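Here is how the chains run, residue by residue.
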Amino acid sequence: MKYIHESSELKTCIFYDFEQYFQNIEENQKGFIETTSLIFAEPFHILRELRNRNLGHRLSLFVFFWNATHLPKRRDAYHFSEPFRIVLIIRSRLAVLRVYYNQATPHDMGELKLVNWYDANSLGLFKVPLLPSPKDVYRNFGERVLSIPIIHSPPWYFVKYNNYSEYNDNNDENGLGATNESLFHVTGGRDFNLLKLIAKKMNFNVNYIDPLERTQGSSIIEADTDNLSFSGALGKIQRREADLLLGDVGITFERKKAVEFSFFTLVDSGAFVTHSPRKLSEAFALIRPFRKEVWPFLILTVVISGPAFYYVVAIPYWWQRGRRRKMHLFQKCIWFSVTLFLKQSCNVFPFSGIRAKCLSSMLWLAATYVLADVYSAQLTSQLASPAREPPINTLQRLETAMLNKGYQLYVERQSSSLSILENSTAIFNRLYRLMKHQSNSHNHGYLVSSVEEGISLIKEGSTKAILGGRETLYFNMKRYGTQNFQISEKLYTRYSAVAVQTGCPFLESLNEVLMHLFEGGILEKMTNAEYERMIQMNQMNEENLRTSSVENTNHQQPRLVEPKLQPINLRILQGAFFALAFGYVLAALTILIRLSSNTCTIKLHQLNNRPLV
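Residues numbered from 1 in each chain as written. Predicted model: local features only at pLDDT ≥ 70, side-chain atom pairs only at ≥ 80, totals over all residues. Heavy atoms only, no water.

Asker: Give a detailed account of the overall build of the protein, specifying residues and quantitative values.
Answerer: The number of helices and strands found in the protein is 17 helices and 21 strands. Scored against the burial criterion, the 613 residues of the protein give a buried share of 40%. Pairs at least 24 residues apart make up 69% of the contacts formed inside the protein by residues separated by at least 6 positions. Taken as a whole, the protein presents about 36,400 Å² of accessible surface, with 56% of it coming from carbon and sulfur. (Helix = DSSP H or I, 4+ residues; strand = E, 2+ residues; numbered from the N terminus. Buried < 20%, exposed > 50% of the residue type's maximum accessible area, 1.4 Å probe, protein only. Contact = heavy atoms within 4.5 Å. Areas by Shrake-Rupley, 256 points an atom, 1.4 Å probe, with all protein chains shown as cover.)

Asker: So, the environment of Phe84: which residues are in play, and what are the values?
Answerer: One can find Phe84 in the loop between β4 (60-64) and β5 (85-93). Given the relative accessible area of 6%, Phe84 is considered buried.

Asker: Which residues make up the layout of surface pockets, and what values go with them?
Answerer: Computed from the structure, the second largest pocket encloses a volume of approximately 980 Å³. Lys30, Lys256, Lys257, Ala258 and Thr502 are, among the 27 residues lining the second largest pocket, the residues nearest its centre. Residue assignment for the lining of the second largest pocket shows that the elements contributing at least two residues are α1 (18-30), β14 (228-230), α5 (232-238), α6 (253-258) and β16 (260-275). In terms of residue class, the lining of the second largest pocket is made up of nine nonpolar, 10 polar and eight charged. (1 Å grid on protein atoms, 1.4 Å probe; cavity = no way out; pocket = protein on both sides within 12 Å on 5 of 7 lines; lining within 4 Å. Points joined across faces, edges and corners; volume = space filled by probe spheres on them. Nonpolar A, V, L, I, M, F, W, Y, C, P; charged D, E, K, R; others polar.)

Asker: Give a description of the packing of helix α13 (residues 451-460) against helix α14 (residues 470-480) that names residues and reports values.
Answerer: Direction vectors running N to C along α13 and α14 enclose 50°, while the axes themselves pass 10 Å from each other. Classified by the angle between their axes, α13 and α14 sit oblique to one another. Every pair of crossing elements has a handedness; the one defined by α13 and α14 is right-handed. Of the residues in α14, those touching α13 at Val451, Glu452, Ile455, Ser456 and Lys459 are Thr472, Leu473, Asn476, Met477, Arg479 and Tyr480. Along the lines of polarity and charge, the residues of the contact of α13 with α14 split into five nonpolar, three polar and three charged. (Axes fitted to C-alpha atoms, helices over the stretch in contact; angles between N-to-C directions. Parallel < 35°, antiparallel > 145°, perpendicular 65-115°, else oblique. Left-handed = near helix turned anticlockwise from the far one by under 90°.)

Asker: Would you mind going over empty space enclosed by the protein in detail, with residue names and values included?
Answerer: Taken as a whole, this structure holds three cavities of 30 Å³ or more when the rule is applied. In this model, the largest cavity occupies a volume close to 300 Å³. Lining the largest cavity are 31 residues, and of these Ser153, Gln216, Asp248, Glu412 and Ser415 lie nearest its centre. Here the element with the most residues in the lining of the largest cavity is strand β19 (residues 464-469); it accounts for three residues. When grouped by side-chain class, the residues that make up the lining of the largest cavity number 11 nonpolar, 14 polar and six charged. Here the second largest cavity defines a volume of roughly 70 Å³. Lining the second largest cavity are Thr274, His275, Ser276, Pro277, Arg278, Glu389, Pro390, Pro391, Ile392, Tyr407 and Ser462. Looking at the lining of the second largest cavity residue by residue, the classes come out as five nonpolar, four polar and two charged.

Asker: Tell me about the nonpolar core, residues and numbers included.
Answerer: Core analysis: the biggest nonpolar cluster contains 34 residues, and Tyr157, Val186, Leu195, Ile198, Phe204 and Leu244 have the highest contact counts within it. Going through the elements one at a time, β9 (144-149), β11 (184-188), α4 (190-202), β12 (204-209), β21 (493-500), α15 (507-519) and α16 (522-553) are the ones with two or more residues in this core. No other element matches the six residues that α4 contributes to this core. If near-sequence neighbours (up to four positions away) are discounted, Leu244 is found in contact with Leu146, Ser147, Ile148, Pro149, Leu195, Ile237, Val498, Ala499, Val500 and Phe506. Formed by 21 residues, the second largest nonpolar core is a distinct cluster that contains Leu398, Ala401, Met402 and Leu418. (Core = buried A, V, L, I, M, F, W, Y, C linked by side-chain atoms within 4.5 Å.)

Asker: I'd like to hear about the sheet that holds strand β6 (residues 96-101), residue by residue, with values.
Answerer: Read from one edge of the open sheet, six strands run β3-β4-β5-β6-β7-β8, paired in mixed fashion. Of all strands in the sheet, those bounded by a partner on one side alone are β3 (35-39) and β8 (124-125). The pairing of β3 with β4 spans five bridges and is parallel. Residue pairing in the sheet places Leu38 in a bridge with Val63 of β4. Packed onto the sheet, α1 meets β3 and β4 and runs at close to 160° relative to β3. Running over the sheet, helix α2 (residues 43-52) touches β3, β4 and β5 and is turned about 165° from β4. (Pairing = 2+ DSSP bridges.)

Structural data, given as structure tokens:
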């Protein structure tokens, strides 16, 4: 290799070694550096090596000039198809050069078309620039057919599969999967409508294919070469068996190594969904205002108040009073503090000292205006609106629920959410290990085929959760009733885009269309329209169910409505009656113990002939 010109914007060099040349092309493509190669050799062997190394890219232009006077006769041996950008310069006659280009048309037929020529005698270069811009070429596809994998994933795609839709992917001659419309049928979805809009704008037709496994695809590392390959729909894009993949395709670092992504079609956030918080037992309504963090301090305050009274009153007279009187005073202090906190009637404290008055006034204010009023306010609010268990809306609470309450976390198979769990650290890594332990314990795994399946699992059991995109989760929640689910806070930002082949020549034209749709707010309007359509369909299904029920059973089927708040009744106050019954039983036991103690004391004094005090 010999450098003949080098600057900050342009670097020109001559290669004598083919291996160094191929390595330079590969490095430039990894750095997204545009490269133009002028090759003074016949293209057959070089193109074969470029194809074996997968060096076709829209940023690499290969110009061949080997003093030929006509085009190669065996054009099928050269495969001038996308994503390679091939230019052949032919010397048709003396001082006249013809320029043929394989991407002059958007049909991807490998056709070399005359796009320019050079006449050294009179005209010079016919037109400038030398080659047509890819943005202009792929603005109109001329009804070209693009192969697009499609996966059932509401609300992006609604696909109905028939019973005989299983097929052997190896039997397809073109390697494009099943193309028979009888195998599946696309009924709608936001990205289905978006794809129709893009196809109308760019003038191409769509051939839907059913990818193997019916998933977006997961990464597979080949042990021999350490190459990263993908299964599912992304694998078809990587192997150039399909043209693009439109859907809720999240952008991850691993996926960008295998495919390229367009301008984003959705800015979403990660979240998880659990069952809605359940109502707590109404029998414990009286003690619920005091949380477990408050009870120890409350009990400690009640226990210490009595001895504090005693020491404040009795310490100045400690050496002047007898032991019996001290014990009697201690009992009075304890009884005074207990009756004060229990809001019972009690006599005024017999001591009139400043210290005793200040301490009793402080405890009376704390018991009356702080504890009693706060307790009454919280109790009233909880009786008016029945209390529910704390919602699980953060990753920390989800981790605690999985450890202590047996919650099970699910994620969609071969999705970007699964990649985040597998490749992240800290709490995401801990959750992933808990999921794997869950798989070993319950023998049903932690993967589901779709978010819709995960939402249905949560509907069946209240100790399950599913992680995914917030938009997809919210859509499926509305399908099954939002009152039945609890969605978490936003965990991370995720971007979805159209996945295309590496080096795709029409990526710039596709980005232009998507940016116009985004700037015009059409993408958001299409998402909202899909939500509204789903709500209308649910209402129609309810009406049909009610009508059929009336025809069959002559009575109306009650419609499902969200639960409303109920007025206060005796059932809600049953905890108060339990507490009152407990108090009566405790008082009765105290009286019986007191009576039996007095009886034993009287008998003992009678036996000893001692007067009673």
